[in-house]
Structures are given as structure tokens and as C-alpha cells.
Amino acid sequence: MMGDQEAISDSLVKKRARDRRAQHNLRKKRDAHVHALEQRIADLERELDGLRQGFYGLHSENETLRNRQFLIRRLVTSWTDPVPVSVIPSESLTPNTTPSTADANIPTHADDGGAASPLPGSPPAGAKETRPTTRPQRKTIEDLTSPRWSITPFHLDSDLTWSSLASVCIGNPKLVYSSPDEPKPLELLYGSKTNLLAHAVSSTTNQWRCRDPERVAAGWLAYRLIKWSLQPSEHRFSLLEDFQRPVSEQLCQAHPYFVDYVVWPRLRINLIKTLHVYDPRDVMGMLSCCMKVRWPWNETFLEPGENGEYVLRASFRETFLRLDGWGITREFLERFPLLAQDLDVNSILYNFV
């Protein structure tokens with residue numbers, strides 16, 4: 001009897017040891033499989049992001065070519081017109097798509113209500129028009145004697161890149177006045193019924209082809225910039241990061257609104273200098289998908305706050321509030337080489353890892 005019991009006991013011990021080894025091996029295989037799947041998902045997401053950027057880049061390029069084809073056709077048609085065609089202003093390479101009429105040679109632009117109207121200072125219908133090809137300028141920065149915090153950027157009267165965000169904010173300043181000085185991150189992601197400025201920012205960034213970290217970071221910076229530009233004060237100016245504050249070119253030379261939201265001062269200067277070379281809408285579209293926060297993929301950037309609401313992680317906020325926390329992809333720099341002039345390309349280049 002003792003021998004049988006010992007044999008049974010020894011058999012059970014061996015069986016349990018085999019079971020433990022089998023379970024251990026099963027767990028290792030499962031963990032390895034899960035890790036491989038996670039890695040595969042990350043690789044596919046990176047690949048998909050690259051394909052999306054290529055697609056939207058080609059789409060934007062196609063739109064630019066269509067617009068320029070329209071300009072060429074309009075120019076050729078004008079050769080048989082007895083009335084000289086006005087010079088297309090250097091601040092726009094995009095045509096007015098309003099059907100031609102007897103006085104179609106007078107450039108028009110959309111006002112706040114969306115109706116076409118002659119540009120400020122344009123001659124009466126039927127009169128010959130001569131317009132300078134240079135953009136309007138303010139005085140030099142030395143002549144601007146007001147405190148720096150009170151001088152806002154100088155924008156084009158006829159801005160073909162006029163975004164829904166700019167039109168909402170400029171057309172409804174009370175929207176900005178009633179909004180708090182700082183938004184909540186979820187308001188920037190999903191909109192808000194109480195913070196109308198954050199809702200307008202969210203509506204704009206929702207159209208971008210980028211990750212949520214870029215949407216929140218860019219929206220956060222834009223929110224503060226808009227609050228200052230429409231309600232200038234020394235306090236709101238102090239809330240802007242150094243790299244956000246307008247450079248002299250923004251104060252003295254007319255430019256589209258979107259230029260002010262580019263984080264690199266040197267790139268803002270180059271954008272203003274090359275408005276006659278690149279279609280601003282083309283540049284703006286590419287920027288929205290090529291400007292990146294240097295934040296790890298698949299890492300959360302929000303965390304629960306003391307009151308239960310989600311807030312920005314301190315490390316994420318510190319990242320996008322630094323200029324070196326931003327990067328731009330190679331596709332943008334290759335597409336617009338003149339914009340890279342005097343830029344430290346190696347320091348701002350964003351590489352997918």
C-alpha cells in the first residue's frame with residue numbers, strides 16, 4: 001500500500017510540474033503574439049499616416065494645378081478683350097471663381113457675409129485699373145511707437161485663406177470676449193457648448209489630417225493667440241510663448257491669417273516673403289498634416305485631474321510649449337524648398353520612428 005501511494009503521489013507531482021511548464025509556455029507564446037500584434041499595429045499606423053500625407057499632398061497639388069490652369073485660360077481669353085486685364089495681385093495665385101461679366105476685370109473678394117465686392121480703393125466698373133504688384137505695408141517696426149503688446153499682426157484685406165475659425169472670431173468678437181483665458185483639452189478635441197472660442201478652434205482642427213496630440217497642442221496655442229489678438233492686453237501678451245509673439249514682418253507686411261499660427265518665426269517670415277510664389281491655401285493644407293508634436297505614438301497625453309476632468313499631462317504640455325517640441329516632415333520641406341531658407345532644417349525635421 002505504501003508503495004502504491006508513493007507512486008501516485010510522485011505521479012501527481014510530475015503531472016503538476018508538466019502543467020506548470022505547459023501554462024508557462026502558453027503564457028510566453030501568448031505574450032509574444034500580443035507583442036507582435038501591437039508592433040504590427042504601430043507599423044501599420046505609421047504606414048497609414050504616411051500614405052494619408054501623400055494622398056492629401058497629391059490632392060492639394062492637384063487643386064493648385066487646377067487653379068493655375070484656370071488662371072492661364074483666363075489670361076489667354078483676355079488677349080481678345082478690348083479692355084486690358086488687371087494685374088493679378090502678388091498676394092494671391094488663386095483665381096476668383098465668380099462667373100465673368102462685363103466688368104469681370106475688377107478683382108472682387110468675399111466680405112464677411114460671403115458676397116463679392118470690389119477691393120478697397122478699386123476703380124468704378126468699366127474704368128481701367130492699375131494696381132501695384134507689391135503688398136500693402138505698414139510703417140517700419142521702428143515707427144511703431146505703441147507698446148509691443150498692443151500691436152497686432154497686419155493681415156490682408158482680401159484673404160483667400162480666410163478660414164472658418166478666423167471668420168467666426170473676427171465676425172463675432174463677443175464669442176472671444178466671453179471665453180475663458182484657457183481652454184479645457186476636451187473642449188479642443190470635441191467642441192463645447194459653453195466655450196464658443198474652443199468650439200470654433202475644434203471645428204477647424206477637426207478638418208486636419210493629424211493626430212489628436214497635434215490638434216490639442218496647435219489648438220491650445222491658437223486659442224491663446226486669438227484671445228490676445230482680439231483683446232490685446234499686457235497680461236494676455238505675457239501668456240504667449242516667445243516663439244508665438246509676432247516678428248516685425250508680421251506687424252509691417254500684410255499676410256494671411258494662418259501665417260500667425262505657424263510655430264517657427266523664421267518660417268513665418270519666409271511665408272510672408274513667398275506669398276507670390278506659393279499658393280497660400282496649398283501651404284496651409286500641407287502644414288496641417290506635416291507639423292508634428294514630438295510626442296510618442298500611442299502614448300496618452302491626457303490624465304484625470306483632481307476634480308475628475310481630463311487635463312493635459314505635464315510632460316505633454318511642456319513639450320508643445322517649447323519650440324524644439326515641434327517638428328515638420330520632410331515632405332513639406334521638399335514641396336516648398338524656398339520656405340526652408342535660413343531654417344535649421346536638421347533641428348526641425350520630424351522623422352517617423
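Structural data are supplied above this passage.
Read on for an overview of the structure.

Basis of the calculations
Residues numbered from 1 in each chain as written. Predicted model: local features only at pLDDT ≥ 70, side-chain atom pairs only at ≥ 80, totals over all residues. Heavy atoms only, no water. Salt bridge = Lys/Arg side-chain N within 4 Å of Asp/Glu carboxyl O. Helix = DSSP H or I, 4+ residues; strand = E, 2+ residues; numbered from the N terminus. Buried < 20%, exposed > 50% of the residue type's maximum accessible area, 1.4 Å probe, protein only. Contact = heavy atoms within 4.5 Å.

Looking at the pattern of salt bridges
Moving on, step 1. Here the structure, examined in full by the defined rule, presents 14 salt bridges.
Moving on, step 2. For Arg-236, the salt bridge identified is with Asp-181, shortest N-O distance 3.4 Å. Separated by 55 residues along the polypeptide, Arg-236 in helix 7 (residues 234-239) and Asp-181 in the loop between helix 3 (173-177) and helix 4 (185-190) bring together distant segments of the chain.
Moving on, step 3. Across the salt bridge formed by Arg-224 and Glu-182, the nearest N and O atoms sit 2.9 Å from each other. You can see Arg-224 sitting in helix 6 (residues 212-230) and its partner Glu-182 sitting in the loop between helix 3 and helix 4, a full 42 residues away along the chain.
Moving on, step 4. Assessed through its relative accessible area of 37%, Glu-182 is described here as partly exposed.

Quick look at unusual backbone geometry
Moving on, step 1. Phi angles above zero are rare outside glycine, and Asn-298 is one such case at about 65 degrees.
Moving on, step 2. If you trace the backbone, Asn-298 turns up in the loop between strand 3 (291-293) and strand 4 (302-304).
Moving on, step 3. Of note in the backbone geometry, Asp-342 takes a positive phi value of approximately 65 degrees without being a glycine.
Moving on, step 4. Looking at the secondary structure, you find Asp-342 in the loop between helix 12 (330-335) and helix 13 (345-348).
Moving on, step 5. Residue Asp-342 is classed as exposed on the basis of its relative accessible area, which comes to 58%.

As for helix 9 (residues 265-273)
Quick reminder: α-helices carry 3.6 residues per turn. Residues three or four places apart thus point the same way.
Moving on, step 1. Every buried residue belonging to helix 9 is among Leu-267, Arg-268, Ile-269, Asn-270, Leu-271 and Ile-272, and all of these are buried.
Moving on, step 2. Elements that come into contact with the buried residues of helix 9 comprise helix 8 (248-252), helix 10 (280-290), strand 6 (326-329) and helix 12.

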